[in-house]
Structure formats: C-alpha cells, structure tokens
Amino acid sequence: MIFYHGSKRIIDKVIVNGSDVDNDYGPSFYVTLEKESAKEWACKNGSVGIVNKYSIKNDDFNSLKILDLTNKDKYSVLTWLAILMHFRNLDNSFKTTFKSRLLWLEKYYVDVNQYDVIKGFRADDSYFKFPLKFISGLLSYESLEKVFKFGNLGIQYAFMSNKAVNKLKYLSSEMCDISYVGKYYQIVKDGSLKFEQLINEPINDKETFITDLLKQYE
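Residues numbered from 1 in each chain as written. Predicted model: local features only at pLDDT ≥ 70, side-chain atom pairs only at ≥ 80, totals over all residues. Heavy atoms only, no water.

J.: Describe the packing of aromatic side chains, listing the residues and the values that go with them.
T.: How two aromatic rings sit relative to each other is given by the distance of their centres and the angle of their planes. Under the counting rule described, the total for this entry stands at eleven aromatic pairs. Judged by centre distance (5.5 Å) and plane angle (75 degrees), the rings of Trp104 and Tyr108 are edge-to-face. Relative accessible area serves as the criterion here: at 23%, Tyr108 is assigned to the partly exposed category. Ring pairing ties together the aromatic residues Phe3, Phe61, Tyr157 and Phe159, which thus form one cluster. In this structure, Lys44 is placed above the aromatic ring of Trp41, and the distance from its NZ or CZ to the ring centre is 3.9 Å. The lysine or arginine in question, Lys65, covers the ring of Tyr115, its NZ or CZ lying 5.1 Å from the ring centre. (Phe/Tyr/Trp six-rings, centres within 6.5 Å; stacked < 30°, edge-to-face > 60°. Buried < 20%, exposed > 50% of the residue type's maximum accessible area, 1.4 Å probe, protein only. Lys NZ or Arg CZ within 6 Å of the ring centre and 35° of its normal.)

Listed below in structure tokens is the structure:
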C-alpha cells in the first residue's frame, strides 16, 4: 500500500503525535491513498507544499488493529460524529445550548486509543459547520451522510500508534506544482455550495432529524 502526506516540509521520520490534538481523530499521523488530495492539502495555505510518500506491506497493515468508520455495516455516521465532537474544540455557548444532545452522541463514541489505525471521512474546518447544523437540528441525518460520504474531501487514514507508524517506510518527497496553490479551497468552496443547496431544499417528510433520533432513544 502507498500512502501520501501533504506538508510544508519533508517528513522522513514519522511520529504519532505530530498533529494537533483537536484534529478529527486526535493526535496521530494523517495520510491518504490519493496523491492528488495530498497535493491539494500541502498547498492549502497559499504556498507550494511537499508530498511525502510512504509504503506499508499489506500483511503488516492487516496485522494492525483498524477502526474502519466507512464500514456502513458496523458503523453509522453518528459514530464518526461522536468521535469528531470528542476531539474538536466547541464554542462554550454551543456546548451549553446543546448539552443533552452532545451527551446523547457519546453513546456512539468508540475509544480510538484502542486502535492502531483509523480509516474515516475527513472534516475540514469549513465542513465542520455541517455536523454543528445537524446537532442544532437544521440538517437531517440523511443530508449529513451525503455531505461526508459523497463530499469532495475524501478518506483519510490516521496512524494512531507507534506500532503503526513504525511499519510505514519513507520512500520519497516531491515538491508540488504551483498550480495546486488554492486548489484545495476551490474544492471546499464547490462542495460547500453544493451542500448549501442541499440544506435549502424543501424538507422531505421521510428525513430524520436529531430530535427524531432523541425520541427513539428515550
């Protein structure tokens, strides 16, 4: 398997806790199978970045304990959302207003520290408003699924443990072409516009909102 990591520097020695603690799945090393996505991410802050390339043997990868949040037979988008809410910084007023809903979400939380690798959807800061709208009751469960399962940000892998990162072999680094500068934000903009249209569509009677889910839980 070949993984890519977009950055502003060469990373030939991978460490687990190199990312921010409030990233999607907490501190870990985030990679993708999609080289184009890594290039877009590397150039997201207005300057040319670097894509670092790594490999891992299939047997080594399969020997790791993997939490696959994209497996719809085992997990719903609520599991992903519960993990996201656990690590992301929330405004105090939001936490106070929707305290009971956030507590309800905790029942879907999975302890990510028990896993070596997490495979799941990526939630850029600009996309983070969609989970908040769901919790606020302004976005249906079905629409939230569409936002992230069929959105433009793709799938990411979070290498959570030393055991996992030690199996990654650094291969090379490549400077991105200047054409990738700003491309990431255009993708986010296009995706956001698409889903803003989705939110503004007439509400379908069959759609499920968080208030409906809370009633079922009660």
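J.: Please provide a residue-by-residue account of the sheet that holds strand β2 (residues 29–31), values included.
T.: Overall, mixed pairing links the four strands, which are arranged β2-β6-β5-β4 in an open sheet. Since the sheet does not close on itself, it has two edges, and those belong to β2 and β4 (66–68), each with one partner. Along the sheet, successive strands turn relative to each other by an average axial angle of 20 degrees, direction set aside. Summarising the sheet, β4 and strand β5 (residues 117–121) pair through three bridges and their orientation is parallel. Bridge pairing in β5 places Asp68 opposite Lys119. (Pairing = 2+ DSSP bridges. Helix = DSSP H or I, 4+ residues; strand = E, 2+ residues; numbered from the N terminus. Axes fitted to C-alpha atoms, helices over the stretch in contact; angles between N-to-C directions.)

J.: Give a detailed account of helix α3 (residues 77–87), specifying residues and quantitative values.
T.: Where burial is concerned, most of α3 is hidden: ten out of the eleven residues are buried. When we look at burial in α3, the residues that qualify are Val77, Leu78, Thr79, Trp80, Leu81, Ala82, Ile83, Leu84, Met85 and Phe87.

J.: Describe the pattern of salt bridges, and please don't skip the residues or the numbers.
T.: Applying the stated criterion across every chain, the model contains three salt bridges. Here Lys35 and Glu174 are joined by a salt bridge, their closest N and O atoms 2.9 Å apart. Residue Lys35 is found in helix α1 (residues 35–42), and its partner Glu174 is found in strand β7 (residues 169–175); the two are separated by 139 residues along the sequence. Given the relative accessible area of 30%, Lys35 is considered partly exposed. Where Glu174 meets Lys39, a salt bridge forms, and the shortest distance between an N and an O atom there is 3.6 Å. With Glu174 in strand β7 and Lys39 in helix α1, the pair connects residues that are 135 residues apart, well separated along the chain. For Glu174, a relative accessible area of 31% corresponds to the partly exposed category. Residues participating in the shared-partner salt-bridge network are Lys35, Lys39 and Glu174. (Salt bridge = Lys/Arg side-chain N within 4 Å of Asp/Glu carboxyl O.)

J.: So what about the environment of Val16? Which residues, and what values?
T.: Tracing the sequence through the fold places Val16 in the loop between β1 (2–7) and β2. We classify Val16 as buried; its relative accessible area is 8%. For the pair Val16 and Tyr30, spaced 14 residues apart in the sequence, the C-alpha separation amounts to 9.1 Å. Not counting chain neighbours up to four residues away, the residues in contact with Val16 comprise Pro27, Ser28, Phe29, Phe159, Met160, Ser161, Asn162 and Val165. (Contact = heavy atoms within 4.5 Å.)

J.: So what about the state of the cysteines? Which residues, and what values?
T.: Under the criterion given, the structure shown has zero disulfides. For the unlinked cysteine Cys43, the closest cysteine sulfur is that of Cys176, found at 3.9 Å. Residue Cys43 is classed as buried on the basis of its relative accessible area of 0%. Exposure remark for Cys176: the relative accessible area of 6% places this residue in the buried category. (Disulfide = S-S within 2.5 Å.)

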